[in-house]
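Working through the structure, step by step
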Amino acid sequence: LGLHRVDVEVVAAGVLAVSVVALAAVDAYRWHRQQRPQEQAALTVIPFTAFPGVATSPAFSPDGSRIAFAWNGDPPHGDKGFDLYVKALGSETLLRLTQHPSESISPAWSPDGTQVAFQRLAGADSGIYVVPALGGPERKLRPTRMPTTNFNWVSWYNFTLISWSPDGKWIAFADVAPGEEHARIYLLSTETLETKQAPISPKCVGEGLPAFSHNGEYLAYWCFLSENGEAVVYSLPIRGGQPKKISPSLAFPYGLTWSADDEKLIYSLYTAGNGNLTSELGEVTVANGSTKQLAFAGSAMLPTVSPRGDKLAYSSLSTSFNTWRRDLLHPESPAVELIPSSRLQFDAQYSPDGKRIAFASLRSGKQGVWISDDDGS
């Protein structure tokens, strides 16, 4: 496993005021057999965004220059659910693609980069949709249903994750057939909008989190063996054949993606430590099923590798402190969060004319000095 350096991380506020969910992208993240695992130690991580709220479900554009993701921070703190956004690496311009109060939303790019497909979890409006990558009206391709039974370890947001095949012909997704309780893997034709179910193993209580290989020859997914979190990775040949078990039994999976050379699968697992629920990245070798933890990522989930294999994005947990302002002439007025961020910031100082604020922040991944207007922008 050869990892060169971490380039980008997307960060957002999480469950508590000091918790965040973050998306991260690793630059030059290629798997070369001649390189050594210890090269992981050279990696560092810097933020891709520092939005308040929860940002999750990252998906790379085909050229690796943009990331589509779900965010619930506009309006602040997710009062109206998640929407779909696109942001280019190296830019602070944010493009909003949807305007719908979704419980969850997970994107996947078309191979030509002109469209973004997504699965929306929103009651009667749940389904597979597609929207122009530069903005425009969305179009519903088919309705979907979430599982009705309750796994005791993960939310149904897990099942909104989808994947668009490299040849552009199929969108893989999880759905629950009428009269059923558990999700299964389906393939939606982008040409005819017809749906076919992937072959299933009798051992699978449910299936989810599909991911096409970069060469388009295989579809990987999680096979849930029980409702207590036990699962294995399966790989299905797209041109025909039965699914093959890839990994040993693992607990609490949440995310799945292929390495650049399609020889490994990178996944995330929920873990419990010191009384807190966290997550970690791991990888399984397709040829022999061997697994190992990827320690470079820290607390991480929902990994995804760019089509060219040079970047890795994932969600992560971290802690933040934000800058607030109180009116000294009107002490009865409540304090206002002035410069919201999901990264640590401190030592705010007004400029002599009161029009600007200088402050220290870790929003770029390293401590630096930042300046905002007096309104926090």
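Right, let's walk through the structure included here. (Residues numbered from 1 in each chain as written. Predicted model: local features only at pLDDT ≥ 70, side-chain atom pairs only at ≥ 80, totals over all residues. Heavy atoms only, no water.)

All right, on to the overall build of the chain then. Looking only at helices and strands, the chain features zero helices and 31 strands. Taking the intrachain contacts of the chain between residues at least 6 apart in sequence as the baseline, contacts between residues at least 24 apart amount to 45%. (Helix = DSSP H or I, 4+ residues; strand = E, 2+ residues; numbered from the N terminus. Contact = heavy atoms within 4.5 Å.)

Taken together, three strands build an open sheet; the order of strands is 29-30-31 and the sheet is antiparallel. The sheet is open, and its two edges are formed by strand 29 (345-350) and strand 31 (368-373), each paired on a single side. Adjacent strand axes in the sheet meet at a mean angle of 25°, parallel and antiparallel pairs treated alike. Relative to strand 30 (residues 356-361), strand 29 runs antiparallel, the two sharing four bridges. Looking at strand 30, one finds that Y350 is bridged to I357. (Pairing = 2+ DSSP bridges. Axes fitted to C-alpha atoms, helices over the stretch in contact; angles between N-to-C directions.)

Let's shift gears to the packing of aromatic side chains. Following the criterion strictly, the structure yields seven aromatic pairs and no others. Measuring from centroid to centroid gives 5.1 Å for W71 and Y85, while their planes differ by 65°, and the two rings are edge-to-face. One end of the pair, W71, is in strand 5 (residues 66-71); the other, Y85, is in strand 6 (residues 83-88), with 14 residues separating them in the sequence. Per residue, the accessibility class of W71 equals that of Y85, and both read buried. Measuring from centroid to centroid gives 5.9 Å for F173 and Y186, while their planes differ by 25°, and the two rings are stacked. Here Y186 lies in strand 14 (residues 184-189) and F173 lies in strand 13 (residues 170-175), a separation of 13 residues in the sequence. Classification of F173 by relative accessible area gives buried; the value is 0%. Overall, Y186 belongs to the buried group, its relative accessible area being 11%. Taken together, the aromatic side chains of F69, W71 and Y85 make up a single cluster linked through ring pairs. Above the face of the Y129 ring, R120 is positioned so that its terminal group lies 4.6 Å from the ring centre. (Phe/Tyr/Trp six-rings, centres within 6.5 Å; stacked < 30°, edge-to-face > 60°. Buried < 20%, exposed > 50% of the residue type's maximum accessible area, 1.4 Å probe, protein only. Lys NZ or Arg CZ within 6 Å of the ring centre and 35° of its normal.)

Taken in spatial order, the four strands of this open sheet run 8-9-10-11, and their pairing is antiparallel. Edge positions in the open sheet fall to strand 8 (104-109) and strand 11 (139-143), since each of these has one partner strand only. For this sheet, the mean inter-axis angle between neighbouring strands, taken without regard to orientation, is 25°. Taken together, the four bridges between strand 10 (residues 127-132) and strand 11 define a ladder with antiparallel strand orientation. Its bridge partner being in strand 11, Y129 is matched across the sheet by K140.

This part covers the nonpolar core. For soluble globular proteins, the rule of thumb is that nonpolar side chains tend to be buried together. Core analysis: the biggest nonpolar cluster contains 38 residues, and W222, V233, L256, L265 and Y267 have the highest contact counts within it. Taken together, the elements giving at least two residues each to this core come down to strand 13, strand 14, strand 16 (206-212), strand 17 (218-224), strand 18 (230-237), strand 21 (253-258), strand 22 (264-273) and strand 25 (300-305). With six residues, the single largest contributor to this core is strand 17. If you look at the next biggest cluster of nonpolar residues, it comprises 15 residues, including V54, A68, A70 and Y129. (Core = buried A, V, L, I, M, F, W, Y, C linked by side-chain atoms within 4.5 Å.)

On to the pattern of salt bridges, then. Inspection of the entire model under this criterion finds seven salt bridges. The residue R120 makes a salt bridge to E138 at a minimum N-O spacing of 2.8 Å. Of the two residues, R120 sits in strand 9 (residues 115-121) while E138 sits in the loop between strand 10 and strand 11, which places them 18 residues apart along the sequence. Residue E207 pairs with R184 through a salt bridge whose shortest N-O separation is 3.6 Å. Here E207 is found in strand 16, whereas its partner R184 is found in strand 14, with 23 residues between them in sequence. (Salt bridge = Lys/Arg side-chain N within 4 Å of Asp/Glu carboxyl O.)

Here we take up the environment of Y234. In this fold, Y234 is placed in strand 18. Classification of Y234 as buried rests on a relative accessible area of 8%. Along the backbone, Y234 and S247 are 13 residues apart, and their C-alpha atoms lie at a distance of 7.4 Å. With residues up to four places along the chain from it excluded, the contact list for Y234 reads S201, C204, L219, A220, Y221, C223, P243, K244, K245 and I246.

Here we come to the side chain of S235. Structurally, S235 can be placed in strand 18. By relative accessible area, which is 6% here, S235 ends up buried. For S235, the residues in contact, after removing those within four places along its chain, are Y218, L219, A220, Q242, P243, K244, I246 and W258.

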